[in-house]
Amino acid sequence: MSDGKMAAVFFEIGLVLTLASFVLGPFGITGWSIACAVTACFLACVGLFLAVSSWKEADAPAGEERTDEKK
């Protein structure tokens, strides 16, 4: 899996955790809310690092998957 795809996965997981934190906080479940928020911040930092490190990575052509196998 490329760094760009990993960054997108971390972003999506972080987004879900952020939404969970938004929902849990008003119900008084502060422990889990803070844990979700801290984990989401960590995943955001990791996703940002991976996104920047894959900045110059070539995109796969549309409709084709990249393979590293030589024929």
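Let us look at the structure shown here.

About the criteria used
Residue indices begin from 1 for each chain and proceed along its sequence in written order. At least 70 in pLDDT is required for a residue's local features to be given in this predicted model, at least 80 for side-chain atom pairs to be given and counted, and no such filter applies to totals for whole chains, interfaces and linings, which use all residues. Based on all heavy atoms of the structure, the side-chain values leave hydrogens and waters out of the count. Put simply, DSSP H or I for four residues or longer makes a helix, DSSP E for two residues or longer makes a strand, and each gets a number counted from the N terminus. Exposure is judged per residue with a 1.4 Å probe applied to protein chains only, and the accessible area is read against the type maximum: over 50% gives exposed, under 20% gives buried, and values in between give partly exposed. All accessible-area figures derive from a Shrake-Rupley calculation using a 1.4 Å probe, and residue coverage is judged against the displayed protein chains alone. Fitted lines through C-alpha atoms serve as axes, helices being fitted only where they are in contact, and the angles separating the N-to-C directions of these axes extend from 0 to 180 degrees. An angle counts as roughly parallel when it lies under 35 degrees, as roughly antiparallel when it exceeds 145, as roughly perpendicular when it falls between 65 and 115, and as oblique in every other case. Should the near helix be turned counterclockwise from the far one by less than a right angle, the crossing is left-handed, whereas a clockwise turn marks it as right-handed. Whether two residues are in contact is decided by their heavy atoms, any of which lying within 4.5 Å being enough. Ten residues, namely Ala, Val, Leu, Ile, Met, Phe, Trp, Tyr, Cys and Pro, are considered nonpolar, four, namely Asp, Glu, Lys and Arg, are considered charged, and the remaining ones, Gly among them, are considered polar. Residues enter patches when their relative accessible area tops 30% and they take part in no salt bridge; the joining distance is 9 Å for like charges and 5 Å for the nonpolar side chains Val, Leu, Ile, Met, Phe, Trp and Tyr. Salt bridges are counted wherever a side-chain nitrogen of Lys or Arg sits within 4 Å of a carboxyl oxygen of Asp or Glu.

This part takes up the overall build of the protein chain. Of the regular secondary structure elements, the protein chain holds 2 helices and 0 strands. Here the protein chain holds 71 residues, and the buried ones make up 17% of them. By element, 68% of the accessible surface of the protein chain is carried by carbon and sulfur atoms, the whole surface being about 6,000 Å².

Turning to the packing of helix α1 (residues 3–24) against helix α2 (residues 30–53), a few remarks are in order. The geometry of α1 relative to α2 is characterised by a closest axis approach of 8 Å and an angle of 160° between their N-to-C directions. By the angle between their axes, α1 is roughly antiparallel relative to α2. Crossing hand, α1 versus α2: left-handed. Contact with α1, carried on its side by Asp3, Met6, Ala7, Phe10, Ile13, Gly14, Leu17, Thr18, Ala20, Ser21 and Leu24, involves Trp32, Ser33, Cys36, Ala37, Thr39, Ala40, Leu43, Val46, Gly47, Leu50, Ala51 and Ser53 of α2 and no other residues of that element. For the contact of α1 with α2, the residue count by class is 15 nonpolar, 7 polar and 1 charged.

It is worth spelling out a nonpolar patch on the surface at this point. A cluster of nonpolar side chains, namely Phe11, Leu15, Leu19, Phe22, Val23, Phe27, Ile29 and Trp32, defines an oily patch on the protein surface of about 950 Å² accessible area. The element contributing the most residues to the nonpolar patch is α1, with 5 residues. Inspection of the secondary structure assignment puts Phe11 in helix α1. Judged by its relative accessible area of 57%, Phe11 is exposed.

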